[in-house]
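# Breakdown of the fold
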Amino acid sequence: MAKDVIIACDFPSGEETLRFLDRFTGEKPFVKIGMELFYAEGPQIVRAIKARGHQIFLDLKLHDIPNTVKKAMRSLSALDVDIVNLHAAGTRAMMEAALEGLTRPDGSRPLLIAVTQLTSTDQRAMEEELLIERPLDEVVMAYAANAAAAGLDGVVCSPLEAGKVHARCGESFLTVTPGVRFADGEVGDQKRVTTPARARELGSDYIVVGRPITQSADPVAAYQRCVEEFCHEC
Ligand code: C5P
């Protein structure tokens, strides 16, 4: 089972992102590109980072009718990214269409993972605004099971949910987990955090780490510390 640290490159411009990545002269970390950077710079920033030898998780969280998502995924697949994602709320039909669009003529494709319920959605909003009355963790697990049934490779979730997701969807179903902080670091706006070492114990397959690395005085050392704590038994 692959275990890796993914750096969330939440920078507003390509220039800033590439300057940050210039610091990594030896290793080529796995990076996450989100909407802010992608919408500012377009596919070119993906090509530029890929050309430097990084693996890329393109975090665009697609959610539309199945045919549109299928075609969008076909475009993303041509970009040669390694992981892409969508909202499980788009239904199984949308997730299956996404997989079809993502699969290249030779049968290869990027990994496809699902967002279940966003961590910014709480029980109240779910009940009062979305009219979903079941407990939040039950909804998260049901969406994860839908993603697995549609043939997806995993979900984005908290390390605290990784064990439950594996129990429900299988050990090989990937858990990609943000909300990671060093034991002696700042928590910031994340609510439920775990250390890289704890995330490994809990069964996370990939941890997504942003500010503890990007805002560190020594990002390369912070990244290496994450790798040591999270991957040391890999
Ligand atoms: O800086 P930090 O380590 O909090 O960054 C975590 C990254 O993971 C950010 O890009 C954030 O948008 C993303 N994320 C998250 N929680 C989720 C889903 C994604 O923190 N539930």
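Above this text sits the structure in question.
My aim in this report is to walk through the structure given alongside it, one point at a time. Source: prediction; values computed, not measured.

By volume, the largest pocket is sized at about 1,300 Å³. For the largest pocket, the lining is made up of 42 residues, of which Thr119, Ser120, Pro178, Gly179 and Gln190 are closest to its centre. At the level of secondary structure, the elements contributing two or more residues to the lining of the largest pocket comprise β2 (30-34), α2 (35-41), β3 (56-62), α7 (136-149), α8 (159-169) and α10 (211-214). Taken together, the residues that form the lining of the largest pocket break down as 16 nonpolar, 13 polar and 13 charged. If you add up the space inside the second largest pocket, you get close to 240 Å³. For the lining of the second largest pocket, the secondary structure elements donating two or more residues are α10 and α11 (219-231). Tallied by class, the residues present in the lining of the second largest pocket amount to four nonpolar, four polar and four charged.

Moving on: the sheet that holds strand β5 (residues 111-115). What the eight strands build is a closed barrel, ordered β1-β2-β3-β4-β5-β6-β7-β8; its pairing is parallel. Neighbour to neighbour, the strand axes of the sheet diverge by 25° on average, direction disregarded. Two elements, strand β4 (residues 83-87) and β5, share five bridges in a ladder whose sense is parallel. Paired with Val84 across the two strands is Leu112, which belongs to β5.

A few words on the pattern of salt bridges. Applying the stated criterion across every chain, the model contains 17 salt bridges. In this structure, Lys70 engages Glu100 in a salt bridge whose closest nitrogen and oxygen atoms are separated by 3.0 Å. Here Lys70, found in helix α4 (residues 66-78), pairs with Glu100, found in helix α5 (residues 91-102); they are 30 residues apart in sequence, far enough to count as distant. By relative accessible area, Lys70 is classed as partly exposed at 22%. The closest approach of N and O atoms between Asp189 and Arg211, which form a salt bridge, is 2.7 Å. Within this pair, whereas Asp189 is found in the loop between β7 (174-177) and α9 (196-202), its partner Arg211 is found in helix α10, the two being separated by 22 residues in sequence. Via salt bridges that share partners, Lys32, Asp59 and Lys61 belong to a single interconnected network.

Calculation notes
Within any chain, residue numbers begin from 1 and follow the written order of that chain's sequence. Given that the model is predicted, a residue must reach a pLDDT of at least 70 before its local features are reported, and side-chain atom pairs must reach 80 or more before they are shown or counted; all residues, however, enter totals for whole chains, interfaces and linings. Side-chain measures were taken over the full set of non-hydrogen atoms in the model, leaving aside hydrogen atoms and water. Buriedness of a pocket was judged along seven lines, with at least five required to meet protein on both sides within 12 Å; pockets are open sets of points on a 1 Å grid over the protein atoms alone, cavities are sets where a 1.4 Å probe fits but cannot get out, and lining residues have an atom within 4 Å of a point. Grid points are joined across faces, edges and corners, and a volume is the space filled by probe spheres set on the points. Every helix listed is a DSSP run of H or I at least four residues long, and every strand listed is a run of E at least two residues long, numbered separately from the N terminus. Each residue gets one label: Ala, Val, Leu, Ile, Met, Phe, Trp, Tyr, Cys and Pro are nonpolar, Asp, Glu, Lys and Arg are charged, and the others, such as Gly, are polar. Here, a strand pair is defined by DSSP locating no fewer than two bridges between the strands. Axis geometry follows a simple rule: fit a line to the C-alpha atoms, using only the stretch in contact for helices, then measure angles between N-to-C directions, giving values from 0 to 180 degrees. The working definition used for a salt bridge is a side-chain nitrogen of Lys or Arg within 4 Å of a carboxyl oxygen of Asp or Glu. Buried residues are those whose accessible area, probed at 1.4 Å on protein chains only, stays under 20% of the maximum for their type, while exposed residues exceed 50% and partly exposed ones sit between those limits.

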